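Structure at a glance
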Amino acid sequence: GDSVTQMEGPVTLSEEAFLTINCTYTATGYPSLFWYVQYPGEGLQLLLKATKADDKGSNKGFEATYRKETTSFHLEKGSVQVSDSAVYFCALSDPPNKYIFGTGTRLKVLA
Amino acid sequence: GAVVSQHPSWVICKSGTSVKIECRSLDFQATTMFWYRQFPKQSLMLMATSNEGSKATYEQGVEKDKFLINHASLTLSTLTVTSAHPEDSSFYICSARDHAGTGRPEEQYFGPGTRLTVT
């Protein structure tokens, strides 16, 4: 069946460091791909999405590109801030409304 | 933006008792709500999909008599864990789909989760 694998955390970075959180997927169809973020005490919030191969999703300085050839959707940010500390979930949707999530990666950014 | 709340955020109950978790869409109507479960260091797993006014659809392997879901209104769904046991201890998250949306998958809004501990 479909699955999502993302790197285990926690990831600890200094402020202004470059961030990469790896995510790979397996799917039989043509899924949409998502990154969600969960801040402490809050629900998952959609961070960015991509619906087809080579699409790049971006939001708040975060980017991820849908790579069909490597079945990947890695999350990147050029310069992280303390306020980016959260848990990040990679997910796919196939069929629509049925999400499959990765295990989540906790990011801690130190001032 | 669309907000989903859950109550309680944290609950401890004794083995053999039942506990109810509420999921509310605060500023939109949700004909469909989803219940997920997350074990430590594991993925969110979809348990069931509930549609307002009809029976919930459970994922394979989820006991419907143990996890009772009621979606009696467009803004409220409840999950009742019946005769809870320590292995039911987990983090339960709900999400709600905006009734007025276009049907895109990202129009699901998530609650903050409820941590259940069964002693």
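Up top is the structure these notes are about.
What counts, and at which threshold
- Residues numbered from 1 in each chain as written.
- Chains lettered and ligands numbered in written order.
- Predicted model: local features only at pLDDT ≥ 70, side-chain atom pairs only at ≥ 80, totals over all residues.
- Heavy atoms only, no water.
- Helix = DSSP H or I, 4+ residues; strand = E, 2+ residues; numbered from the N terminus.
- Rg over C-alpha atoms; globule rule 2.2 N^0.38 Å.
- Buried < 20%, exposed > 50% of the residue type's maximum accessible area, 1.4 Å probe, protein only.
- Contact = heavy atoms within 4.5 Å.
- Areas by Shrake-Rupley, 256 points an atom, 1.4 Å probe, with all protein chains shown as cover.
- Lys, Arg positive; Asp, Glu negative; His and termini not counted.
- Charge placed at Lys NZ, Arg CZ, Asp CG, Glu CD.
- Pairing = 2+ DSSP bridges.
- Phe/Tyr/Trp six-rings, centres within 6.5 Å; stacked < 30°, edge-to-face > 60°.
- Core = buried A, V, L, I, M, F, W, Y, C linked by side-chain atoms within 4.5 Å.
- Polar contact = N/O pair within 3.5 Å; in protein donor to acceptor, adjacent residues only side chain to side chain.

Brief notes about the overall build of chain B
Along its length, chain B carries zero helices and eleven strands. In chain B, the succession of helices and strands from N to C terminus is β-β-β-β-β-β-β-β-β-β-β. The C-alpha radius of gyration of chain B comes to 14 Å, within 12% of the 14 Å expected for a compact globule of 119 residues. Dimensions of chain B, computed from the C-alpha atoms along their principal axes, are close to 40 × 25 × 20 Å. Every one of the 119 residues in chain B was classed for burial, and the buried ones make up 47%. A separation threshold of at least 6 residues defines the contact pool for chain B, and within that pool the share at least 24 residues apart is 57%. Counting only carbon and sulfur atoms, one obtains 52% of the accessible surface of chain B, whose full area is about 5,800 Å². Charge-centre separation for chain B: the mean point of 11 positive side chains lies 6 Å from the mean point of 11 negative side chains.

Comments concerning the pairing of strand β4 (residues 23–26) of chain A
All names here are of chain A. Side chains Cys23 and Tyr25 of β4 all project onto a buried face; the interleaved residues Thr24 and Thr26 project onto a face where none is buried. Two strands pair when backbone bridges link them, and strand β1 (residues 3–6) and β4 are joined in this way by four bridges, in the antiparallel orientation. Residue pairing across strands places Thr5 opposite Thr24, the latter belonging to β4.

Brief notes about the environment of Gly61 of chain A
Residues and elements named next belong to chain A. Note that Gly61 resides in the loop between β7 (56–59) and β8 (62–65). In sequence terms Gly61 and Phe101 are 40 residues apart; their C-alpha atoms lie 22 Å from each other. Beyond its immediate chain neighbours, meaning those up to four positions away, Gly61 contacts Glu76, Lys77 and Gly78.

Let's talk about the packing of aromatic side chains
Residue and element names in this part refer to chain A. Evaluation of the coordinates by the stated rule reveals 15 aromatic pairs over all chains. Judged by centre distance (5.6 Å) and plane angle (40 degrees), the ring pair of Phe62 and Tyr88 falls under tilted. Taken together, the residues Phe62 in strand β8 and Tyr88 in strand β10 (residues 86–93) connect sequence positions 26 residues apart. The same class applies to Phe62 as to Tyr88, namely buried. Measuring from centroid to centroid gives 6.3 Å for Phe89 and Phe101, while their planes differ by 85 degrees, and the two rings are edge-to-face. With a gap of twelve residues between them, Phe89 in strand β10 and Phe101 in strand β11 (residues 99–101) connect regions that are remote in the sequence.

Observations concerning the nonpolar core
Residues Leu19, Trp35, Leu47, Leu48, Phe73, Leu75 and Tyr88 of chain A are the most contacted members of the largest nonpolar core, which totals 26 residues. Those elements that provide at least two residues to this core are β2 (11–14), β3 (19–21), β4, β5 (32–38), β6 (45–50), β8, β10 and β12 (105–110) of chain A. Top element by residues in this core is β10 of chain A. It accounts for four residues. Other than its neighbours up to four places away in sequence, Leu47 of chain A contacts Trp35, Tyr36, Val37, Asn59, Lys60, Phe62, Leu75 and Tyr88 of chain A. Of all hydrophobic cores here, the second largest spans 23 residues; its members include Met33, Phe67, Cys94 and Ala96 of chain B.

Section: the side chain of Ser90 of chain B
Residues and elements named next belong to chain B. Residue placement: Ser90 occurs in strand β9 (residues 90–97). Within the structure, Ser90 has its side chain in polar contact with the side chain of Arg37 (distance 3.4 Å). Once you skip the residues sitting within four places of it in the chain, Ser90 turns out to touch Arg37, Gln38, Phe39, Thr114, Arg115 and Leu116.

Any link to function would need more than the numbers given here.
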